[in-house]
Each structure stands twice: as C-alpha cells, then as structure tokens.
Amino acid sequence: MKPVIGITPGTKLVERPHGNFHYVNLNEDYVAGVAAAGGIPVVLPFQENPADLLRILDGVLFSGGPDIDPAIYGDDWVHPNTYGIDDRRDAFELGLARAAEAAGVPILGICRGIQVMNVAFGGTLIQDVAEGRENIPGIGHSQEKANLTADAIGHIVEVLDLPMASALGGSGALGVNTFHHQAIAQPAERLDVLAWSQDGLVEAVAGRGDNFVLGVQWHPEMMFRTRTEQLRPFVSLVEAAKARKLAAAY
C-alpha cells in the first residue's frame, strides 16, 4: 500500500556531436526524501494534459528549479536576475497544481514548488528578494554566498501555531537552509502563511481546505540525512497520500 508520489523535474539541454537533446533533470535528493518517508517516487515528464497523471498518483511533489515567467502572475517586466524561464515547465506544473488541488491529491512544494503553488492559486512573487529590502546579515537567502554546506542551517524560520504546523514537526523556531532569490509576495487567497523568516519573507504555506497542501521555501531534501526533523515534510506528504489511497480502496 505504499503511495506513489510524482515528482516534477526540470529539463537540461545536452549538446552532443550527433545533436542537441533535452534531458529530464532532477536532483536525486527529492527521490531519496520520498523513499525515506515510505513512498514510491516517480519522476514525471512533461505532459500536455497533466491532470491525466492523477489517475496513477497518490501525491505530488513540486521540485525546485529556475524562475516562473513573471507575466503569468501579472508583472509586465523581468528582473535582470530572473532566469531559466521554461514555458513548457510552467504550463505543466501550474496545470498539475490546479488539477491536484481540485482533485484532493496531496501536494508538497519545495522552493520553486511553493512559488508554483502560489502562482497557480492566484498569488504573486517577488522577482528578486535582495532588491529594496534588508536581508538577514551574512546570509541574504543565499547559502552558497555564505560558504555554508547544503545541509547547514542558514537561518531560522518561525512556524506559526496552525493545524498544519504538525507537517513541519510543530510550531516554533526551525533551522532551515536557504537557496533562493525569489519568494512569495502576495499569498494566494486559498493559502495560509505557515512560517516566516526573520526578515519577513514567507517561508511556508498551507492550504485552507481539507486537502493536504504544503509549500516550503527551503530545501529539506538537502538536509534530512543529517537533520532528521527535515524529513517531516516528506513523511507528512506520504502519510496524507497513504490515507487518501486507503480511503479510495473502501
């Protein structure tokens, strides 16, 4: 009865002597996190009709990656630091997020994934968090610039005392890593802010309905091996997917 969790990838252009090819591209840490939590991870290539995938999936994980086209959330300009826009990935993930939420399929979004969820449900993004705001001294939401390893704590977030706090291990202070230059600006109406960073950025959101909908701005897949509390988002997703799978069987 292990639930099947679909993971969205990116693509990578690989140049070969015999031609150029788009490869499905995904950090294996996402796969490892789902497997460690007791799920069956499946990587999802782009589909024209993403809702069709929900017939075989018990949950969906939206992975990290480059930026969403700002035009989708209403910006008529593109910041110089906005990068890697992929129209096919945007269309696939936004469609899958909306279809999964409508069907009650559990959703977890990580980094770009939380941003996809927010945009899919009507929210907006900050195109570059470093511009016009004071970031955490010495971090600036960029782990690599601070010479910190991927599993190190870059800063603290405050998890609010809301029902979905249990999906992150409970309310209160939580140490997270940080690898992003964009973040949620206006949260979508159907999402509640679940955690904030010390400098006022949205770090986690949760759906307001009965469905399991969770997004985090940090990268727990890079941390869970050395910081076991970071496995909790994966476990929560898998548990929700398992419960839905069991309910459908009866």
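Here's what I pulled together on the structure shown here. (Residues numbered from 1 in each chain as written. Predicted model: local features only at pLDDT ≥ 70, side-chain atom pairs only at ≥ 80, totals over all residues. Heavy atoms only, no water.)

## What about the pattern of salt bridges?
At step 1: Applying the stated criterion across every chain, the model contains 9 salt bridges.
At step 2: A salt bridge links R112 to E93; its shortest N-O distance comes to 2.8 Å. One end of the pair, R112, is in helix α3 (residues 112–120); the other, E93, is in helix α2 (residues 87–103), and 19 residues separate them in sequence.
At step 3: Look at E93 and you get buried, because its relative accessible area is 0%. (Salt bridge = Lys/Arg side-chain N within 4 Å of Asp/Glu carboxyl O. Helix = DSSP H or I, 4+ residues; strand = E, 2+ residues; numbered from the N terminus. Buried < 20%, exposed > 50% of the residue type's maximum accessible area, 1.4 Å probe, protein only.)

## Here we look at the sheet that holds strand β12 (residues 202–207)
At step 1: Strand order across the open sheet formed by 9 strands is β4-β1-β5-β6-β13-β12-β11-β8-β9, with mixed pairing between neighbours. Lying at the two open borders of the sheet, with one neighbouring strand each, are β4 (40–43) and β9 (172–176). Taking each pair of neighbouring strands and ignoring which way they run, the sheet shows an average axis angle of 20 degrees.
At step 2: As paired strands, strand β1 (residues 4–8) and strand β5 (residues 59–62) are joined by 4 bridges and run parallel to one another. Paired with T8 across the strands is F62, a residue of β5.
At step 3: Along the sheet face, α2 touches β1, β5, β6 (107–110) and β13 (213–216) and points at about 145 degrees away from the line of β5.
At step 4: Contacts from α3 reach β5, β6, β11 (191–197), β12 and β13, with the element oriented near 120 degrees to β6. (Pairing = 2+ DSSP bridges. Axes fitted to C-alpha atoms, helices over the stretch in contact; angles between N-to-C directions. Contact = heavy atoms within 4.5 Å.)

## Re the pairing of β13
At step 1: A two-sided burial pattern is seen for β13, the buried positions comprising V213 and G215 on one face and L214 and V216 on the other.
At step 2: When β6 meets β13, the two strands line up parallel, connected through 4 bridges. Within β13, the residue paired with I107 across the bridge is V213.
At step 3: Two elements, β12 and β13, share 3 bridges in a ladder whose sense is antiparallel.

## Notes on the packing of aromatic side chains
At step 1: Taken as a whole and judged by the stated rule, the model has 2 aromatic pairs.
At step 2: With centroids separated by 5.4 Å and ring planes inclined at 35 degrees, the aromatic side chains of F46 and F92 adopt a geometry described as tilted. Here the residue F46 occupies a position in the loop between β4 and β5, and F92 occupies one in helix α2, the gap between them amounting to 46 residues. Exposure class is identical for F46 and F92. Each is buried. (Phe/Tyr/Trp six-rings, centres within 6.5 Å; stacked < 30°, edge-to-face > 60°.)

## Let's talk about the pairing of β5
At step 1: What you see with β5 is no split at all: G59 and L61 on one side and V60 and F62 on the other are buried throughout.
At step 2: Bridge count between β5 and β6: 3 bridges; the pairing is parallel. Paired with V60 across the two strands is I107, which belongs to β6.
At step 3: The parallel pair β5 and β6, bridged by α2, forms a crossover whose chirality is right-handed. (Right-handed = clockwise from strand over helix to strand, strands pointing away.)

## Comments concerning a nonpolar patch on the surface
At step 1: A cluster of nonpolar side chains, contributed by M1, L246 and Y250, occupies part of the molecular surface with about 420 Å² of accessible area.
At step 2: You can see Y250 is positioned in the segment after α4 (232–249). (Patch = residues over 30% accessible without salt bridge, like charges linked within 9 Å, V, L, I, M, F, W, Y side chains within 5 Å. Areas by Shrake-Rupley, 256 points an atom, 1.4 Å probe, with all protein chains shown as cover.)

## Structural notes on α4
At step 1: Taking 1.5 Å per residue, 18 residues should reach 26 Å; α4 reaches 26 Å between its end C-alpha atoms and fits that length.
At step 2: Residues of α4 that are buried: P233, F234, V235, S236, L237, V238, A240 and A241.
At step 3: Where α4 is buried, its residues touch β1, α1 (28–36), β5, β6 and β13. (Expected span 1.5 Å × (residues − 1).)

## A look at α3
Since the α-helix packs 3.6 residues into each turn, any two residues three or four apart lie on the same face.
At step 1: When you tally the buried positions in α3, you get 9 out of 9 residues, the bulk of the element.
At step 2: The set of residues buried in α3 consists of R112, G113, I114, Q115, V116, M117, N118, V119 and A120.
At step 3: Positioned one or two residues after α3, G122 has a phi angle of 105 degrees, which is positive.

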